[in-house]
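If you want the building blocks of each chain, they are given just below.
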Amino acid sequence: MARPRFGLIGTGFIGRAHAIALNAVGAVFADQEAPVCELLADTTVDSAARGARALGFARSTGDWRALVTDRAVDVVDVCTPNHLHREMALAAIAAGKHVYCEKPLANTAREAAEIAAAADAAGVRHMMGFNYICNPLLQLAREMIAAGELGEVYAFRGSYLEDYMSDPAVPWTWRCDRALAGSGALADLGSHLINLGHFLLGGIARVQGSLQTVHAQRRDPASGQLRAVENEDIARALVEFERGLPGTFEISRVGTGYKCGLAFSVFGTRGALEFQQERMNELRHYDAAGPAARSGFRTILAGPEHPDYRPFCPAPGHGLGYNDLKVIEVRNVLRAIANGTPGWPDFHEGVRVQRVMEAIEQSHASRSWTEVPS
Ligand SMILES: NC(=O)c1ccc[n+]([C@@H]2O[C@H](COP(=O)([O-])OP(=O)(O)OC[C@H]3O[C@@H](n4cnc5c(N)ncnc54)[C@H](O)[C@@H]3O)[C@@H](O)[C@H]2O)c1
């Protein structure tokens, strides 16, 4: 197949990360031909032109609709605020394009399912931006769990804490608006943690959730007025995986002191694993079989023996970074397109994640255990 030509929409935090990855993937993975950075869209002609120059795109437009129907674009890459994902993804699918979309797929599970069904019906490839699971050490953790190295796994503890909204003086943004963002910490951070749980341990059957909004109002920089925060700062949940395994989730955008505190522990009869994204090149493993006098966690440093590390660097312990996870993810997107097979995480995973998020919200409202629709 000819090199896929990408049309990227959005040049904010994650649009830039996608552009960096699109430019790097061919250099990192020798067996992967570089995609073409064809067209970039942003809100204005000027911001799009600036973005295209900085991020290595051939052309730019201030009209995302022109991008999704452009004949020289094969893949539409959606990196805009959450409420725009549905409209942009559906328009791209209608134009016969493959779609790579940031999390969350949409603002409701119903909308997410609509997008996934449309993509399937059109026969286009669809992939989600859940980059954290691309970490070589998380791929290793998954292998270790599946191979039974921890014995019988009996508990999962996951958290994703960031403090970007801890300070009450942080201004109101689209992330505080129910119509623009959907849920709050759940959509922004929890979606990654739920996907991570799925990646390591499979589907989630039921949840008991609780939500908390710590700062009920923030100042809107546009009007200078205080404006209501319409979604949660913190989400907590007891969860039960389909395999019967219990777990806990704690998700917060007001987790004072934490910058990218995605973390988990997996407990088994023969061992345990512990991981923290802020130390993303370290996986801690506890082997219960060792002598009592030597008992304790040991640190596995990321290295070329782990999946997808070697193409970046032949030496262990030198470390990968956040943007490298996007490079691996983009390679996965390109593979799905080249092979004509569904990749993972695809839009169906986007739907599953959304259903867990909604079940946590419903459980909070009903104060009871809530089934996640399958
Ligand atoms: N996977 C991750 O680790 C990760 C990290 C951050 C954000 N995200 C996701 O990425 C998405 C964007 O978040 P962000 O932090 O980059 O937001 P942002 O506010 O930094 O950037 C949004 C971009 O979209 C552009 N945009 C807005 N409306 C547009 C329109 N109508 N047409 C064209 N462009 C438009 C803005 O100009 C801006 O360039 C969100 O869905 C978020 O959940 C994912």
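Peer 1: Any chance you could break down the overall build of the chain for me, citing the residues and the numbers?
Peer 2: For the chain, the helix and strand inventory stands at 10 helices and 17 strands. Since a compact globule built from 374 residues should have a radius of gyration of about 21 Å, the 21 Å found for the chain is in line with a globular shape. In terms of principal-axis extent, the alpha carbons of the chain reach across some 65 × 50 × 40 Å. Counting all 374 residues of the chain, 48% fall into the buried class. Counting contacts in the chain only where the partners sit at least 6 residues apart, residues at least 24 apart contribute 68% of the total.

Peer 1: Hey, could you go over the nonpolar core for me, with residue numbers and the actual values?
Peer 2: Of all hydrophobic cores here, the largest spans 99 residues; its most connected members are Ile9, Val76, Val99 and Val356. When residues of this core are assigned to their parent elements, the largest contribution, nine residues, is made by helix H8 (residues 185–201). There are two domains that each give this core at least three residues, and those are domain 1 (5–132) and domain 2 (133–343 + 352–366).

Peer 1: Account for the site of the ligand, with residues named and values stated.
Peer 2: Close to the ligand lie 21 residues; Gly10, Gly12, Phe13, Ile14 and Glu102 are nearest. Ranked by residue count, the leading element in the shell around the ligand is helix H1 (residues 13–28), at three residues. When the residues that make up the shell around the ligand are grouped by side-chain class, the tally is eight nonpolar, nine polar and four charged.

Peer 1: Give a description of the pairing of strand S14 (residues 271–276) that names residues and reports values.
Peer 2: Alternating residues of S14 divide into Gly271, Leu273 and Phe275, all buried, and Ala272, Glu274 and Gln276, none buried. In this sheet, S14 lies alongside strand S13 (residues 261–268) in antiparallel orientation, the contact comprising five bridges. Counted as the bridge partner of Ser265 is Glu274 from S14. Between S13 and S14, which follow one another and run antiparallel, lie two residues. Sheet topology note: the S14/strand S15 (residues 282–287) ladder contains five bridges and is antiparallel. Bridge pairing in S15 links Phe275 to Leu283. Linking S14 to S15, which pair antiparallel, is a turn of five residues.

Peer 1: Lay out the domain arrangement of the chain in plain terms, naming residues and giving numbers.
Peer 2: Interfaces are frequently sized by the accessible area removed from exposure as the parts join. Partitioning the chain into structural domains gives domain 1 (5–132) and domain 2 (133–343 + 352–366). Here domain 1 and domain 2 have C-alpha centroids that lie 23 Å from each other. In this complex, domain 1 contributes 32 residues to the contact, which on the side of domain 2 involves 35 residues. Tallied by class, residues from the side of domain 1 that touches domain 2 come to 21 nonpolar, nine polar and two charged.

Peer 1: Could you give an account of the sheet that holds strand S8 (residues 204–212), naming the residues involved and the relevant values?
Peer 2: Pairing is mixed in the open sheet, where nine strands are placed in the order S16-S15-S14-S13-S7-S12-S11-S8-S17. Each edge of the sheet is formed by a strand with only one pairing partner; in this case those strands are strand S16 (298–301) and strand S17 (370–371). Sheet topology note: the strand S7 (residues 153–161)/S13 ladder contains eight bridges and is antiparallel. Bridge pairing links Val153 to Gly268 in S13. Docked against the sheet, helix H10 (residues 347–366) engages S8, strand S11 (234–241) and S17, running at close to 60° with respect to S8.

Peer 1: Give me the lowdown on unusual backbone geometry, citing residues and values where you can.
Peer 2: Put simply, Lys103 and Pro104 share a cis peptide bond, and its omega is -15°. Note that Pro104 resides in the loop between strand S5 (98–102) and helix H5 (109–122). With omega at 5°, the peptide bond leading from Trp344 into Pro345 counts as cis. Note on placement: Pro345 falls in the loop between helix H9 (322–339) and H10. The phi torsion at Asp308 lies on the positive side, around 70°, for a residue other than glycine. The topology assignment puts Asp308 in the loop between S16 and H9. By C-beta crowding, Asp308 is classed as buried, having 21 other C-beta atoms within 10 Å. Despite not being glycine, Arg367 shows a phi value in the positive range, around 55°.

Here is what the cut-offs are and how they apply
Residues numbered from 1 in each chain as written. Predicted model: local features only at pLDDT ≥ 70, side-chain atom pairs only at ≥ 80, totals over all residues. Helix = DSSP H or I, 4+ residues; strand = E, 2+ residues; numbered from the N terminus. Rg over C-alpha atoms; globule rule 2.2 N^0.38 Å. Buried ≥ 20, exposed ≤ 12 C-beta atoms within 10 Å, placed from the backbone. Contact = placed C-beta atoms within 7 Å. Core = buried A, V, L, I, M, F, W, Y, C linked by C-beta atoms within 7 Å. Domains from an automatic or database assignment. Near = placed C-beta within 6 Å. Nonpolar A, V, L, I, M, F, W, Y, C, P; charged D, E, K, R; others polar. Pairing = 2+ DSSP bridges. Axes fitted to C-alpha atoms, helices over the stretch in contact; angles between N-to-C directions.

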